[in-house]
Protein chains: 2
Amino acid sequence: MQKHPGIKDIARIAGVSIATVSRVLNGNSYVSPELSERVLKAAGKLGYQPNRIARGLRKGKTNTIGFLIPDIENPFFSAIVKGAENFLRKYGYTILLCSSAGKAEREDELLNVLYSHKVDGLMTVPLESQNPYLERIEKLSVPVVVIDDIINQKNISSVASDNYSGMKKLMQYLLDTNHRSFAFLSGDPHTYSGKERLQAFRDVMVQEKEKVEYEILLGTYTFSSGIEMLRKLRKIPDAIVCGNDMIAFGVLTELQKLHYKIPNDVSVTGFDDVLFSKMTNPPLTTVRQDYYMMGRVAAQLLIEDLNYKKRNSILLKTELVIRGSSRG
Amino acid sequence: MQKHPGIKDIARIAGVSIATVSRVLNGNSYVSPELSERVLKAAGKLGYQPNRIARGLRKGKTNTIGFLIPDIENPFFSAIVKGAENFLRKYGYTILLCSSAGKAEREDELLNVLYSHKVDGLMTVPLESQNPYLERIEKLSVPVVVIDDIINQKNISSVASDNYSGMKKLMQYLLDTNHRSFAFLSGDPHTYSGKERLQAFRDVMVQEKEKVEYEILLGTYTFSSGIEMLRKLRKIPDAIVCGNDMIAFGVLTELQKLHYKIPNDVSVTGFDDVLFSKMTNPPLTTVRQDYYMMGRVAAQLLIEDLNYKKRNSILLKTELVIRGSSRG
DNA sequence: CTGTTAGCGCTTTCAG
DNA sequence: CTGAAAGCGCTAACAG
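Residues numbered from 1 in each chain as written. Chains lettered and ligands numbered in written order. Predicted model: local features only at pLDDT ≥ 70, side-chain atom pairs only at ≥ 80, totals over all residues. Heavy atoms only, no water.

Novice: Quick rundown of the interface of chain B and chain A? Include the residues and the values.
Specialist: If you look at the interface, chain B gives 47 residues, while chain A gives 47 residues. Counting across the interface, chain B meets chain A through 4 salt bridges. Here Asp71 of chain A and Lys82 of chain B are joined by a salt bridge, their closest N and O atoms 3.1 Å apart. Inspection of the region where chain B meets chain A yields 20 residue pairs in polar contact (both at pLDDT 80 or more). For the side of chain B that touches chain A, the secondary-structure elements that each account for two or more residues are α4 (52-59), α5 (75-90), β2 (94-99), α6 (104-116) and α11 (245-257) of chain B. Broken down by element, the residue count for the side of chain B that touches chain A peaks at 7 residues, all from α6 of chain B. Across the side of chain B that touches chain A, the residue classes tally to 22 nonpolar, 17 polar and 8 charged. Sheet topology places strand β2 (residues 94-99) of chain A next to β2 of chain B; 3 bridges connect them, and they run antiparallel. Note on β2 of chain B: the bridge partner recorded for Ile95 of chain A is Leu97 of chain B. (Contact = heavy atoms within 4.5 Å. Salt bridge = Lys/Arg side-chain N within 4 Å of Asp/Glu carboxyl O. Polar contact = N/O pair within 3.5 Å; in protein donor to acceptor, adjacent residues only side chain to side chain. Helix = DSSP H or I, 4+ residues; strand = E, 2+ residues; numbered from the N terminus. Nonpolar A, V, L, I, M, F, W, Y, C, P; charged D, E, K, R; others polar. Pairing = 2+ DSSP bridges.)

In structure tokens form, the structure reads like this:
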């Protein structure tokens, strides 16, 4: 018997029926102590591990959750996955992971793959806000939670950081510390976070329009885009407000190459507070969002949907982190 | 009929038997064009997606690969996962991901979970070199490839970077540029990479013992460990050779706080070449290892094992990357 | 070429 | 409390 042991083998050794074995192993129905013990002993001896595929087929529940993200290598997304995984494992779920590599058509394809694997639920960080593939998800009739985007359809749960108020907090701090001219180097404005951060900046500028001046540049959430946008700036303002930390790193590097003193000549700020933000020289003033928590909350929402059919949308608080890259 | 359509539904609509439907959908047996078309049309209309759980049970093959790593949030590991995933998907595999969170007992537990899900193969980055749980993997009789560690048992494939010769290359460069006193700030010496890098450093020191002096400190692969080890240094040498880039970042930060000029007063080197190594000030001289490629090669090895039962162990080349943190 | 049928390993009625 | 038997959705003999 070199094949992996099954419930049948246990039954034979313990001298009981397979039904009894199943009952003992699942512990949801009463079985006499004697039989119970015999079964457990046999299972232990064989090193039995249940076949979740067979169980999944029978029960219509696989204990797997599909995870669809743009890029697993990006620490933001992987932190989300980590947060979610730690939570989901407590409930016996394992993650089926797919990354769309930034391609929209992949999202669709992978959605089918995941569905095909009969995942019990789905978690996704969409490539773009209001992604049309979300409509398809609905039809799949599998519980979903969308991450880093807020969905208004009430049959889908979602979770995101409060990018808008985070950026407002940051701007308020800069205004309070007598910054009056600004440049906003935006990340991709098609994303939810890009939209919200940009909008917050604009709203503050409009509100304070008598005392401030500013310019806005659009780019992507990358180091090199930060460098490019900096070069296009018409003038170096009091503060350069970057769409995220990566952009800020590019800006920092380029400014130093041009012999600007930070923060004496110009303040630079980021958004996200990634691991390296505290290691730059000077360390970066930024807005922290907790990606790990985002994954955790997302998992929690999914569990609630799975167990009680409750849906919800949650906005996570952000925190202003003041470091040396801004004069205060 | 709100339930998800199955092969039966297609058969009914197309007016054929379920066997015919299966044959058409799998395309491995000849079916007359007429029936074929009717089946395809029905499948399309229903938006049929095969139930991989049922198929898996029947065929004894799930098209899933289990992935077990210490920490998904760590960019090294997630790059490996990404490389592997991109390759595996071409072959129709999806990844079941688990991270052990650095705990050895979790590795064992998760191994069972993965096994229970009847994965067709397993990829793992072990917490420690020569981890005992590798023995257990053998018994599972499922193809395995171990990553970032070289396994000598020939029934298991493995892949790692050539840490030893990478470190030697780096040391040779430092010697060639007239560095004569060294400090080696090691990462965890229980890991395969830690061992190899340390050994290479030692071997070079012994070989050049007449002209050099050095000290060795043991720590972990972290920013804060880098700072700590630097503080314990008895003297600042010509070159501080760090076990990886993270340690080097800590060292860089702390040295600058102490007003050392880099590389004029002291050279600092890393290992890995993470994304941020080119963004530090000065940018870091380091040894690049290609994690993405490591994942890809690992996937390739797994596919070979799966298809032809061929096993292999591969050592990946590393590349010396000279930047501003070392005087040359 | 096509249909009928027997399971894959497990859970869950349904009888006893 | 326990066993026999049905069946989850699909594939693969086996007949025709």
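Novice: Report on the protein's contact with DNA strand C, specifying residues and quantitative values.
Specialist: Around DNA strand C sit 27 residues in total, of which Tyr48 and Arg58 of chain A together with Arg23, Ser32 and Arg58 of chain B are the nearest. Backbone atoms, meaning sugar plus phosphate, form 61% of the atoms of DNA strand C positioned within 4 Å of the protein. Asn26 of chain A is positioned with one of its side-chain polar atoms (N or O) 3.2 Å from a phosphate oxygen of DNA strand C. Within the side chain of Arg55 of chain A, an N or O atom sits 2.8 Å from a phosphate oxygen of DNA strand C. A total of 5 residues in the surface near DNA strand C trace back to one element, the largest contributor, which is helix α2 (residues 18-26) of chain A. For the surface near DNA strand C, the per-class residue count stands at 12 nonpolar, 7 polar and 8 charged. (Near = heavy atom within 4 Å.)

Novice: A description of the packing of aromatic side chains should follow, citing residues and the corresponding values.
Specialist: Residues and elements named next belong to chain A. Counted by the stated rule, this structure contains 11 aromatic pairs over all chains. Pairing Phe201 with Tyr214 gives two aromatic rings, centres 5.8 Å apart and planes at 80 degrees, and the pair type is edge-to-face. Here the residue Phe201 occupies a position in helix α9 (residues 192-207), and Tyr214 occupies one in strand β7 (residues 213-218), the gap between them amounting to 13 residues. The class for Tyr214 is partly exposed, based on a relative accessible area of 38%. (Phe/Tyr/Trp six-rings, centres within 6.5 Å; stacked < 30°, edge-to-face > 60°. Buried < 20%, exposed > 50% of the residue type's maximum accessible area, 1.4 Å probe, protein only.)

Novice: Tell me what's going on with the protein's contact with DNA strand D, and back it up with residues and numbers.
Specialist: Around DNA strand D there are 26 residues in total, and Thr20 and Ser32 of chain A together with Ile7, Tyr48 and Arg58 of chain B lie nearest to it. When the atoms of DNA strand D within 4 Å of the protein are sorted by group, sugar and phosphate make up 60%. A distance of 3.3 Å separates a phosphate oxygen of DNA strand D from a polar side-chain atom of Asn26 of chain B. A distance of 2.4 Å is found between a phosphate oxygen of DNA strand D and a side-chain nitrogen or oxygen belonging to Tyr48 of chain B. The set of elements that each furnish at least two residues to the surface near DNA strand D consists of α2 and α4 (52-59) of chain A together with α2 (18-26) and α4 of chain B. With 5 residues, the single largest contributor to the surface near DNA strand D is α2 of chain B. Among the residues forming the surface near DNA strand D, the class breakdown is 12 nonpolar, 7 polar and 7 charged.

Novice: If you had to explain unusual backbone geometry to someone new, which residues and values would you point to?
Specialist: Residue Pro282 of chain A is bonded to the preceding Asn281 of chain A through a cis peptide linkage, with omega at -5 degrees. Residue placement: Pro282 of chain A occurs in the loop between β9 (267-269) and β10 (286-288). In the segment running from Ile262 of chain B into Pro263 of chain B, the intervening peptide bond is cis, with an omega of 10 degrees. Positive phi, normally seen in glycine, also occurs at Lys309 of chain A, with a value near 60 degrees. Looking at the element boundaries, Lys309 of chain A is found in the loop between α12 (291-308) and β11 (313-316). Among the residues examined, Lys309 of chain A registers a relative accessible area of 62% and is labelled exposed.

These values are about where atoms sit, not about what they do.
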